[in-house]
Amino acid sequence: MPAADHFDVYTGNANPELARNICRYLGIDLGRSEVFEFANENIFVRIVDNAREKDVFLIQPTSRPVNTSIMELLIMIDAFKRASAGRITAVVPYYGYGRSDKKDQPRVPITARLVADMLTVAGANRILTVDLHQGQIQGFFNIPVDELTAVHLLSSHFRQKQIENLVVVTDLGFAKRARTFAQLLDAPLAIVEKRRIGNQDRTEVLNVIGDVKGKRAIIVDDEIDTAGTLIQIANALEREGVTDLWACATHAVLSDPASERIANSNLKEVVVTDSIPIPPEKRGSKIKVISLAPLIAEAIIRIHRGQSVGALFTSEVKFTQEMLLWDVDSGGERPSLGANSRSARTEDSEEDSGGPAAEAK
């Protein structure tokens, strides 16, 4: 690795497999640290490697167990701050408490803002995340936030299937990103109107807005929790005359009984990412997992060099497909991406912008 590209990647216990895949894609070793609980449930962190003045990236989705994952991340950030790290970027592929993003009832908290404040106070200099529940959460931070999206990876998966007579279906909350998904597949968009019942994980599907009769549908959302809403939407679409059903989401929370509901449904396939680790017992035959490792790794390189992260989503389709086809299960290193390869980008960035620390676009 060129000296200008020297940065370190560390992980907590929330999703170490994703962190290892990111490092393998980058061709670097995962940073050494100790993160564990004492018998009294107090969390202890020790950074084994020298972190002084280093550009540090901490991979830690705040997924189940949510509160433990958040505390691990906060304590790791504090440990690196006290170890004199040059810059600390919290890479949070899944942002827990993202649904608590507004005061929609009397006397309730905005917990998404509280978590943002804690990360900032702990010492994070930057946040890198994927498909927040609502984009307004970016505004809860007083530090830079880079929000990636898995829409391009997910749409590339379905583009390869060449599904005809297709319609993309989503709810109002994910409509903007679903519109991009539909445009990438050259398909129309239909909206499902739903209503959440109380504070329980229950929703009621009220209406399907759009022409879906006789079509094949892909249901798109940011996360699948208990899969109750997903199955209700699937049932509503079947009543409206949809012939075949697929589903995809960035975050597979899969709280019980999600796996059972998906297995017993008429969905042909449910495509998710590895932003959250999925236990083997919840990986049914219908669940397909696409790795975020290449996307996050490319964003890490661009953040480190001071380049545009948004340019990742305006790149040629071939680049997205190559990220999609990168095999997380193989023992090999990242594939050759031609002009997008690490060495090629180093030379190009130095020639075109005067050095690796080019100004962000």
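With that out of the way, let us pick up the overall build of the protein chain. For the protein chain, the count of helices and strands is 10 helices and 14 strands. Evaluated residue by residue, the protein chain yields a buried proportion of 54% over its 361 residues. Of the contacts made within the protein chain by residues no fewer than 6 positions apart, 65% connect residues no fewer than 24 positions apart. Only carbon and sulfur atoms are counted for the fraction: they give 47% of the accessible area of the protein chain, which is about 16,700 Å².

Evaluation of the coordinates by the stated rule reveals seven aromatic pairs. Residues Phe36 and Phe38 carry aromatic rings whose centres are separated by 5.4 Å and whose planes lie at 80° to one another, so their mutual orientation is edge-to-face. Relative to Phe181, the ring of Phe158 has its centre 6.3 Å away and its plane inclined at 70°; by these criteria the two rings are edge-to-face. In this pair, Phe158 sits in helix 4 (residues 151-159) while Phe181 sits in helix 5 (residues 175-184), placing the two residues 23 residues apart along the sequence. Exposure remark for Phe158: the relative accessible area of 2% places this residue in the buried category. With relative accessibility at 0%, the residue Phe181 sits in the buried group. Taken together, the ring pairs connect Phe36, Phe38 and Phe44 into an aromatic cluster.

The next point concerns the environment of His304. Its location among the elements puts His304 in helix 8 (residues 293-305). His304 sits 297 residues away from Phe7 along the chain, and the two C-alpha atoms are 7.5 Å apart.

We now examine the confidence of the model for the protein chain. Of the residues in the protein chain, 83% reach a pLDDT of 70 or more, and the chain-wide mean stands at 87. Note that residues 335-361 has pLDDT below 50 and, in this model, 49 contacts with residues that lie over four places away or in other chains.

Moving on to the nonpolar core. Among the nonpolar cores identified, the biggest contains 46 residues, and Ile22, Phe158, Phe181, Ile218 and Ile296 are the most heavily contacted of them. Residue contributions to this core peak at eight residues, all from helix 8. When near neighbours in sequence (up to four residues on either side) are disregarded, Ile296 contacts Leu18, Ile22, Val91, Pro93, Leu128, Val130 and Leu148. Counting 33 residues, the second largest nonpolar core, distinct from the first, contains Val45, Leu58, Ala116 and Ile143.

On to the pattern of salt bridges, then. Enumeration according to the criterion identifies 18 salt bridges in this entry. Of the charged contacts in the structure, one is a salt bridge between Asp78 and Arg82, with a shortest N-O distance of 2.7 Å. With Asp78 and Arg82 both in helix 2 (residues 66-82), this residue pair falls four residues apart, about one helical turn. With a relative accessible area of 24%, Asp78 lands in the partly exposed category. It is possible to trace a salt-bridge network through shared partners that takes in Asp78, Lys81 and Arg82.

Attention now moves to the pairing of strand 12 (residues 244-252). It is a general feature of regular strands that their side chains alternate between the two faces of the sheet. Of all nine residues in strand 12, nine are buried, a share of seventy percent or more. Pairing geometry for strand 11 (residues 216-224) and strand 12, over eight bridges, is parallel. The residue bridging Glu223 from the neighbouring strand is His251, located in strand 12. The parallel pair strand 11 and strand 12, bridged by helix 6 (residues 228-239), forms a crossover whose chirality is right-handed. With two bridges connecting them, strand 12 and strand 13 (residues 270-273) associate as parallel partners. Note that in strand 13 the partner of Cys248 across the bridge is Val271. Considered for its hand, the β-α-β crossover made up of strand 12, helix 7 (residues 258-263) and strand 13 is right-handed.

This part is about the sheet that holds strand 5 (residues 87-92). Within the open sheet, the five strands sit side by side as 1-4-5-6-7. Their pairing is parallel. Where the open sheet ends on each side, the last strands, each with one partner, are strand 1 (8-11) and strand 7 (145-148). Here the average twist between neighbouring strands, direction ignored, is 20°. In the sheet, strand 6 (residues 126-130) pairs with strand 7 via four bridges, with the strands oriented parallel. Each bridged residue has a counterpart across the sheet, and for Val130 the counterpart in strand 7 is Leu148.

Scoring rules and cut-offs
- Each chain carries its own residue numbering, running from 1 in the direction its sequence is written.
- For a predicted model such as this one, the threshold for reporting local features is a pLDDT of at least 70, and the threshold for listing and counting side-chain atom pairs is 80 or more; totals across whole chains, interfaces and linings nevertheless cover every residue.
- Heavy atoms from the whole structure form the basis of all side-chain values; hydrogens and water molecules are not counted.
- Strands here are runs of E lasting at least two residues and helices are runs of H or I lasting at least four, both read from the DSSP assignment and numbered beginning at the N terminus.
- Here the term buried applies to any residue with accessible area under 20% of the maximum for its type, exposed to any over 50%, and partly exposed to those in between, with areas from a 1.4 Å probe on protein chains only.
- In this description, contact between two residues means that some pair of their heavy atoms is separated by no more than 4.5 Å.
- What sets the accessible areas is the Shrake-Rupley method with a 1.4 Å probe; for residues, cover comes only from the shown protein chains.
- To pair, rings of Phe, Tyr and Trp, with the six-membered ring standing in for Trp, must have centres within 6.5 Å; the planes then decide the type, stacked if under 30 degrees apart, edge-to-face if over 60, and tilted in the middle.
- What pLDDT expresses is the predictor's confidence in each residue, scored from 0 to 100.
- Remark: nonpolar core denotes a set of buried residues (Ala, Val, Leu, Ile, Met, Phe, Trp, Tyr, Cys) joined through side-chain atoms within 4.5 Å.
- The working definition used for a salt bridge is a side-chain nitrogen of Lys or Arg within 4 Å of a carboxyl oxygen of Asp or Glu.
- Strands are treated as partners if at least two bridges between them are detected by DSSP.
- Orienting the strands away from the viewer, one traces the path from the first strand over the helix to the second; a clockwise path indicates a right-handed crossover.
- Interaxial angle, 0 to 180 degrees, is taken between N-to-C directions of lines fitted to C-alpha atoms, where a helix line uses only the stretch in contact.

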